[in-house]
Amino acid sequence: MSGHTENDITIAAPLDLVWDVTNNLEEWPRLFSEYAAVEVIEREGEKTTFRLTMHPDDNGKVWSWVSERTTDRAGRTVVARRVEPGPFQHMNIRWEYSEVPGGTKMHWTQDFAMRPDAPVDDEWMTDNINRNSRVQMELIRDKIEQRDRERRAASVTAS
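Conventions and cut-offs
- Residues numbered from 1 in each chain as written.
- Predicted model: local features only at pLDDT ≥ 70, side-chain atom pairs only at ≥ 80, totals over all residues.
- Heavy atoms only, no water.
- Helix = DSSP H or I, 4+ residues; strand = E, 2+ residues; numbered from the N terminus.
- Polar contact = N/O pair within 3.5 Å; in protein donor to acceptor, adjacent residues only side chain to side chain.
- Contact = heavy atoms within 4.5 Å.
- Pairing = 2+ DSSP bridges.
- Phe/Tyr/Trp six-rings, centres within 6.5 Å; stacked < 30°, edge-to-face > 60°.
- Lys NZ or Arg CZ within 6 Å of the ring centre and 35° of its normal.
- Axes fitted to C-alpha atoms, helices over the stretch in contact; angles between N-to-C directions.

**What about the side chain of Thr53?**
Now for step 1: Relative to the helices and strands, Thr53 is located in strand E3 (residues 47-54).
Now for step 2: Polar side-chain contacts of Thr53 include one of 3.2 Å to the side chain of Ser64.
Now for step 3: Contacts of Thr53, omitting those with residues within four sequence positions, involve Tyr35, Ala36, Ala37, Val62, Trp63 and Ser64.

**Some details on the pairing of strand E2 (residues 35-44)**
Now for step 1: The pairing of E2 with E3 spans eight bridges and is classified as antiparallel. In the sheet register, Glu42 faces E3, and the bridge partner there is Thr49.
Now for step 2: What sits between E2 and E3 in their antiparallel hairpin is a turn of two residues, with Gly45 showing a positive phi close to 65 degrees.

**Quick word on the pairing of strand E5 (residues 77-82)**
Now for step 1: Bridging between strand E4 (residues 64-72) and E5 involves six bridges; their strand directions are antiparallel. Paired with Asp72 across the two strands is Thr77, which belongs to E5.
Now for step 2: Connecting E4 to the next strand, E5, in antiparallel fashion are four residues, including Arg76 with a positive phi near 55 degrees.
Now for step 3: Once E5 ends, the chain turns through five residues before running back antiparallel as strand E6 (residues 88-100), passing Gly86 with a positive phi of about 60 degrees.

**Here we look at the packing of aromatic side chains**
Now for step 1: All told, the structure shown has nine aromatic pairs when counted by the stated rule.
Now for step 2: Aromatic ring contacts, followed pair by pair, group Trp28, Phe32, Tyr35, Phe50, Trp95 and Trp108 into a single cluster.
Now for step 3: Positioned over the ring face of Trp63 is Lys61, at 4.6 Å from the centre of the ring.
Now for step 4: The ring of Trp65 has Arg82 sitting right over it, with the charged end atom 3.7 Å from the ring centre.

**Considering the sheet that holds E5**
Now for step 1: If you walk across this open sheet you meet the seven strands as E1-E7-E6-E5-E4-E3-E2, and the pairing is antiparallel. Among the strands making up the open sheet, the edge pair consists of strand E1 (3-11) and E2. Between one strand and the next, the sheet's axes are offset by a mean angle of 20 degrees, whatever the strand orientation.
Now for step 2: The strands that helix H1 (residues 15-22) touches are E1, E4, E5, E6 and strand E7 (103-114); relative to E6, the one it contacts most, it runs at about 155 degrees.
Now for step 3: Contacts between helix H3 (residues 122-158) and the sheet are confined to E1, E6 and E7, with E1 contributing the most and set at about 15 degrees to the helix.

Here it is in structure tokens:
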């Protein structure tokens, strides 16, 4: 068995801004509510290897793993995979960006499988990822839309 999730949101901001903000890994702890730290291990062209560390969970456990992420700005896609899968047999992620009326659509797809000895199964993780993706996407949308409003106000003031 395996898990699959797809979630999207429209952000009322230009694609370039959405791309720049969401692909600035060093800023992820301020963009996502779940990440405590990001450590970039290596950059090679468009591929970045990095460690993500989450805030402690309800039991005080701190989860951390290494992922590899490759951006394709021209294709408006990002693909990622966990190098250290932890409780996952595999975790593959794809982000897609598209211009739509009213802004930018950001679409996340996650394909994964939990290890047999993981503390949760694929169904539980699918529900968890879907629930959390919506929360994170809404936070990201709100932060980027606020940044876009501030940017536009600053350009009007400077004129």
